[in-house]
Amino acid sequence: MENQYGLYLAREGAVIRLPVNPESYSITQDNDNGNYNVLGVGPIMIPRTPKLRTPSWSGLFPGRPGLGAVLTSGAFQPPKFYIDFLQTAMDEKQVLRFVANRCMEDGSAIFDTNMEVLVTRFKTEERGGETGDFYYDIALSEYRDYSPRTVRLQAPAEAGQPVTATAETTRSVPRGQLTVGQAVTVNGSCWYDSYGGEPHAALSGFRGKISRIVTADPQRAYPYHITAEDGGAKGWVAASQIQAVGA
């Protein structure tokens, strides 16, 4: 039976599956809680926002497709392909999507991990007697999208008065129109890109928000990008899969 448990790394226009699943990998997330000593109370802890998730593992890029553990033997790529992909992503500060499609031996889904990441550490190693094979260590860090705030500075009516800053006036939105930042629930498959590229994950009653909309190109079957409420990316979906919260 085909091994459907796979790890993927993707960027716009390119999706790679790791040719050999690592023996183990971890996703770590620490809290940034503050520890203080308060007179008359003693040690206390102040809860804060959790730090970014950090996936990491050690693996193998095989030099030949004949190795029994190779999951991509039908589309084999030499180690240089994967090394160049990851080194370029690190050098050019590219945002990748990391997806872990978890399946049981019978093919039934467990749950998926799907998030945007940056490559923070990448190391390769060659070992004697294993010509052509490259062992590697990699560490990723979760990437959260952010947008700068803009304000309008208003000159004072009278000289000597301080300048005031006001938010831009919010434009009215037609009823039923989906907009960036809108809270929504999503059902069905979400995809790596707006064209429906693999890998994908299944959502059921997922509560999130719209982060991007690309409706100008009719070739994009899934023009709405969805994130979790905390900003973690999920994937691209069609309008028919979205229900505005409160609608």
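Look up a bit, the structure's there.
Description of the structure in this document. The structure presented is a predicted model; accordingly, all values stated were derived computationally and were not measured.

**A closer look at the packing of aromatic side chains**
Applying the stated criterion to the full structure yields 7 aromatic pairs. Ring centres 5.1 Å apart and planes at 10° place the aromatic pair Phe61 and Tyr82 in the stacked group. Pair noted here: Phe61 is in strand S6 (residues 54–61) and Tyr82 is in helix H1 (residues 79–91), with a separation of 21 residues, a long-range link. Residue Phe61 shares its accessibility class with Tyr82, and that shared class is buried. Between Trp191 and Tyr222 the ring centres are 5.6 Å apart and the planes differ by 40°, which places this aromatic pair in the tilted class. With Trp191 in strand S12 (residues 183–191) and Tyr222 in the loop between strand S13 (200–213) and strand S14 (224–228), this pair connects stretches of sequence that are 31 residues apart. In this structure Trp191 comes out as buried when scored by relative accessible area, which is 16%. Using a relative accessible area of 21% as the deciding quantity, one classes Tyr222 as partly exposed. An aromatic cluster of three or more residues is present, and its members are Phe61, Phe81, Tyr82, Phe122 and Tyr136.

Calculation criteria
- Residues numbered from 1 in each chain as written.
- Predicted model: local features only at pLDDT ≥ 70, side-chain atom pairs only at ≥ 80, totals over all residues.
- Heavy atoms only, no water.
- Phe/Tyr/Trp six-rings, centres within 6.5 Å; stacked < 30°, edge-to-face > 60°.
- Helix = DSSP H or I, 4+ residues; strand = E, 2+ residues; numbered from the N terminus.
- Buried < 20%, exposed > 50% of the residue type's maximum accessible area, 1.4 Å probe, protein only.

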